[in-house]
Amino acid sequence: MNTKTLPERADVVVVGAGIVGNSLVYHLADQGWDNIVLIDKGPLPDPGGSTGHASNFIFPVDHSKEITDLTLDSMHQYAKLGVLTTSGGIEIARTEEREEELRRRMASATSWGIDAELVSAARVAELVPFVNRDIIRLGFWTPSAAVVDPLQAGALMREQASDIGNVTISAQTEVLDIETERGEVTKVRTSAGDIETSTVVVACGVWSPRIARMAGATIPLTPLVHQMIDAGPIPELAATGVEIAYPIIRDMDTLMYERQNGPDLEIGSYAHRPILHDPDDIPSLAAAQLSPTQLPFTAPDFDPQMEDALQLFGSILDREDVGVRHAINGLLSFTPDGGPALGETPEVRGLWSAAAVWIKEGPGVGRMLAEWMTHGAAEIDLHAADIARFYPNQRTPAHIRARANEGFNKIYGIVHPREQWESARGARRSPFYAREQALGAEFFEVGGWERPHWYESNRHLLEEMAEAGHQSVQDRPHEWDQRWWSPIINAEHLAMRERVAMIDLSAFAHFDVAGPGVVDYMQKMIVAQADRPVGRLIYTPVLAPNGGFRSDLTVIRLDDDRYRVITGGSDGARDRAWFSRNLPSDGSATLTDLTSAVCTLGLWGPRARDVLSAVTDDDVSGESFKFATARHITIGTIPVLALRVSYVGDLGWELHAPFEQGLALWDIIAEAGAPYGIVPAGIGVYGTTGRMEKGYRLMGAELTSEYTPVDADLGPRKIKDADFIGKEGYLRAREHERIAVMCTLTVDDHRDSLGTRRFPQGGEPILTPHGERIVDRLGRPSYVTSAGSGPSVGAYLLMAYLPVEHAVEGNRLLVQYMGERYPVTVARAGRTPLFDPDDTRMKA
Amino acid sequence: MNILVCVKRVRASGGTPQLSADGGGVDTRNLAFTVGPHEECAVEEAIRIAGDAGGRVTVLTAGPPEADEQLRYAISMGADHGVLVDTGDTELDPQATAAALADAIRTLEADGATFDLIMFGNESPDAGHYQVGIRVACALSRAMVGGVKGIDIDQADGRARFRREVPAGVEVYEAALPAAVGVKEGLNLPRYPSMRGRLRARKAEVRGIQPEVAPGTLRRIRLRHPEEAGTQTVVLGHGADAAPAVVDLLEELEVV
């Protein structure tokens, strides 16, 4: 191991020797990278970052598949390094609401294949004899929960990296600057000398924003305090003679945990007020009394938690000779959505972020990032962790701080899958916003955009639709099922199917790519044939180099040398980064982001043509304006790019207009639509009910990098001759025997054991009729990727990948939801929609 | 047997103090504060004596409002009362500090309190003037022994014995109560506050006294860091090959 002088040149410089940097260096060496440099401004083995003071325990089950997969991979690596001690862990419920949450956790455990069990208070007290069982209602027991030693893991990884490759490790080496040329990393200047390199990874935890800023990039996270104390000595714990002999307790309702740490009990809290720090105000190593990330304990913030801890562990804590021996305000990293910030920064080529990672994910993140840096894609789908997911408004300190303040207490919270943020709202508003507000829109947020999810003004439709015999407009009896939901969504859906609806889609991202080389560029970027006639709409997958999904989007050939790319609000920032990063270096194609210049109003339903022809002189007849084409039309004084396309399965258009004329467009369409009974409809219809009846796949739900267009039935039948990113992987997937099929299932009976009608919300496992987990040949589990009403097909719909042997229409299976199982039937295997299978309505 | 312990809020150890821009003080951002180790022993000893002999322990400090934290820490260890003489953010010199403390003690006594023993840390870990205890004792006309590492109370006789270590052995003093004493670390092993103690301290009432402080005559001109000594790491070798060099070094250090 060379720990002396830095080389003048390196293939990659990793900044930060915490668990992430160490893991990354090892896996880069393993992937064959040569001339790797790892630097840290602190000393080894504990340079003073968050790795050095973490509580080091791992509960594998998370509702997020991505996080769970990263955790499982990390546990495997820790175990292989011999630094993992399995203690087991129990999450306990003190409240009825939490009991439900633990049942939901059980479903996630089954979905992701982790052994877990719901246990009684008596069983908890058997496993951890010191707890006050009287306040425990239920326990979620995970036998594989463990504690790890991340500092030792890091030391071993550095050692192993040096055994494999040419690795220079330099501690007490501070980054002074990161130089760039034309948006690409060229050099790292350090206190121990300069290194020329084209690749730098920022694995600096709470310092990451500072280091990235040197190169002109943002890593949107804030340092935030997590308080913990050690109380002891406790003879009962000391008598075990080991670091940890009893399972870790997570006291979920008080947002706390308690774990044995030798003779002490460590008590940590996520319940105190959010205490944010500025990355620039973290004390230096020299100035810090303990370490830069172990700040002075602010006792008053922790006092209420002491009472909670005494209540649960009074038998060993409530003693005068058990003292608080150690107490810190430990710093950890928090992003606006609480997820990691991984991948190449969109601002600077060659500058990668490996930040906002917990101990439980560190080694897995290192391995995945090394794969990503080497092959352009990782085994685990990382789209929700991709740093490019943040739009510019989400990278601002105001947004980061607001969301960290709000998100901190959600770490152990019960977070509904549809839950909306309260802070930093209203950042981006469509031109229709004022009208929507007046109509009582319930706004949901995506990427800072406010989008109506449904409109209270449509409440009267409930009665109308109920009278017409539609069951789906009944309210859901269970509060959890109807939280962040309204039966109005289903009524809007039915009104659209019967009449016509207008839907605000201004959160779409739009970019124009143009230039003499643009056809070649687009051929490279998308799976579908890009060289189509002008005016042609192309719906296409975009693949990662491994052939897995990166996104699905719409492309219009606007001119011989110009395309417009239109993509969803949640993926716009990622897609923009991907399309920008792959532009030809010779400048023969350029990208212009038009997102803030274009607003979109969707107009769909059997009367859509009547409405549109009433407001334009252009020919919008079926003969003239065919499905899957786009053309410029004029509505009043508004030049509109009209796309005859649909994500909801009905006749209609997306109307793309200049942003400042949007309000006028809304008013014209609303007025012209009135005689046809037009209703405003929200994203509840667009994203869920309308989409799912048509079996359309959603990026991030059905479409992830772990599945190919073959699994999703989204690939073209004929593969174009032109090369495109992911072609090889895609061709390989086509050659293989079919492994999994995207299916639509219907719930046959919603009643739970008490007779209450329940509605799965997504993420739940699909089981065989005998209650066994379903996994395909590649180890991919079957779980609900999307769930929602199908008001026009009279069923509640679930989407899930099933192995071919189960993907048979009519096949009866089970879904596990909140601790109970419900019968489901495979209604569709493959792409054919349940509603209007021949697409006659859409193509009318 | 009522005991008064005087404590001072000082920055906790660890890290190199960062000087404020004008060199007039220490940058206190991100710093933990505590009482000095001598004073922690004083509090511990007071709690033990009062526990054995019966009586109350009062903790007194003169300092900024934030020194409330140190009083509550002492209460969480087992002290009964806290009194804060709010002297503001500017650090006083020993003369002014002692005057403020003596005034406060007179006020407490006027209100009916009696203190059989007044305890100090031998010196503060930050300023280290070694004066405040002696000045207060002098102002209150009490016997004072410094450098003490052992205390025995003879309550029946109303006397106390104080032991202190000197190079040649141990000196033992006897004084009639009420008396004053400056103690040193090593007197005992202070306890960690219990969790129940912490909660008790949170709810405890701390009496505030607004003093009239005459400025002292001692003035701090500026602080500066000493020249860096500079350390160098010498690698003695790797693995078993390093053993002879390690042995040589240990011999050189006269450890073996």
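Not measured: the values here are computed from a predicted model. (Residues numbered from 1 in each chain as written. Chains lettered and ligands numbered in written order. Predicted model: local features only at pLDDT ≥ 70, side-chain atom pairs only at ≥ 80, totals over all residues.)

1. Remarks on the domain arrangement of chain A
For chain A, the assigned domains are domain 1 (12–48 + 153–221 + 337–394), domain 2 (222–334) and domain 3 (509–593). Here domain 2 of chain A and domain 3 of chain A have C-alpha centroids that lie 50 Å from each other. (Domains from an automatic or database assignment.)

2. Things to note about the UniProt feature "domain: GCVT N-terminal" (unreviewed entry) in chain A
UniProt records the feature "domain: GCVT N-terminal" (unreviewed entry) at residues 432–715 of chain A, using the numbering of this structure. Between the end C-alpha atoms of residues 432–715 of chain A the distance is 35 Å, and the span holds 29% helix and 28% strand. (UniProt positions renumbered as here; feature names shortened; annotations may be inferred. Helix = DSSP H or I, 4+ residues; strand = E, 2+ residues; numbered from the N terminus.)

3. Here's the deal with the sheet that holds strand β12 (residues 193–196) of chain A
Residues and elements named next belong to chain A. Here we have 3 strands laid out as an open sheet, ordered β10-β11-β12, and antiparallel in their pairing. For this open sheet the edge positions go to β10 (175–181) and β12, each flanked by a neighbour on one side alone. On average, adjacent strands in this sheet sit at an angle of 20 degrees to one another, irrespective of strand direction. Of the strand pairs in this sheet, strand β11 (residues 184–190) and β12 are connected by 4 bridges, and their pairing is antiparallel. Note that in β12 the partner of K187 across the bridge is E196. Helix-sheet contacts for helix α6 (residues 208–215) involve β10 and β11, and the interaxial angle to β10 is about 40 degrees. (Pairing = 2+ DSSP bridges. Axes fitted to C-alpha atoms, helices over the stretch in contact; angles between N-to-C directions. Contact = placed C-beta atoms within 7 Å.)

4. Describing the pairing of strand β9 (residues 167–170) of chain A
All names here are of chain A. Burial of β9 is two-sided: the residues V167 and I169 facing one way and the residues T168 and S170 facing the other way are all buried. Sheet topology note: the strand β2 (residues 36–39)/β9 ladder contains 4 bridges and is parallel. The residue of β9 that forms the bridge with V37 is T168. (Buried ≥ 20, exposed ≤ 12 C-beta atoms within 10 Å, placed from the backbone.)

5. So, the nonpolar core
Counting 272 residues, the largest nonpolar core has A:V202 and A:A354 as its most contacted members. Look past the residues within four positions of A:A354 in its chain and what remains in contact with it is A:V20, A:L24, A:V201, A:V202, A:A203, A:L342, A:V365 and A:L369. Listed in part, the 58 residues of the second largest apolar core include B:L4, B:C6, B:L92 and B:L117. (Core = buried A, V, L, I, M, F, W, Y, C linked by C-beta atoms within 7 Å.)

6. Describing the pairing of strand β38 (residues 795–803) of chain A
Residues and elements named next belong to chain A. Among the 9 residues in β38, 8 count as buried, and that is most of the element. Taken together, the 7 bridges between strand β35 (residues 740–747) and β38 define a ladder with antiparallel strand orientation. Counted as the bridge partner of V741 is L802 from β38. Relative to β38, strand β37 (residues 786–790) runs antiparallel, the two sharing 5 bridges.

7. Here we look at helix α2 (residues 68–77) of chain B
Residues and elements named next belong to chain B. Most of α2 is tucked away: 8 of the 10 residues are buried. All of the buried residues in α2 are Q70, L71, R72, Y73, A74, I75, S76 and M77. Note on α2: the residue one or two positions beyond its end, G78, has a positive phi of about 140 degrees.

8. Some remarks on unusual backbone geometry
Residues and elements named next belong to chain A. Omega for the bond connecting L44 with P45 falls within 30 degrees of zero, at 10 degrees, which places this linkage in the cis form. The residue N35 is not glycine, and still its phi comes out positive at about 55 degrees. Considering the arrangement of structural elements, one finds N35 in the loop between α1 (19–30) and β2. Assessed through the 16 C-beta atoms surrounding it within 10 Å, N35 is described here as partly exposed.

9. Details of the environment of A:L138
Residues and elements named next belong to chain A. As for its placement among the helices and strands, L138 is situated in strand β7 (residues 138–142). According to the C-beta neighbour criterion, L138 is buried, with 24 such atoms within 10 Å. Considering only alpha carbons, one finds L138 and W485, 347 residues apart in sequence, at a separation of 28 Å. Contacts of L138, omitting those with residues within four sequence positions, involve A93, E99, L102 and L118.

10. Overview of the interface of chain A and chain B
Listed as interface residues are 24 residues of chain A and, on the opposing side, 18 residues of chain B. Elements that contribute at least two residues to the side of chain A that touches chain B include exactly β18 (294–296), α8 (299–317) and β19 (323–334) of chain A. Broken down by element, the side of chain A that touches chain B gets its largest block of residues, 7 residues, from α8(A).

11. Considerations on the sheet that holds strand β8 (residues 150–154) of chain B
Residues and elements named next belong to chain B. Pairing is antiparallel in the open sheet, where 3 strands are placed in the order β8-β9-β10. This sheet does not close on itself; its edge strands, each paired only once, are β8 and β10 (169–176). When the angles between neighbouring strand axes are averaged without regard to direction, this sheet yields 20 degrees. In this sheet, strand β9 (residues 159–166) lies alongside β8 in antiparallel orientation, the contact comprising 5 bridges. Following the sheet pairing, G150 is matched in β9 by R163.

12. Structural notes on the environment of A:Q289
Looking at where A:Q289 falls in the secondary structure, it is placed in the loop between β17 (264–269) and β18. Along the chain, A:Q289 and A:V747 lie 458 residues apart, while their C-alpha atoms are 59 Å from each other. Contacts of A:Q289, omitting those with residues within four sequence positions, involve B:A12, B:G14, B:G15, B:L31 and B:A32.

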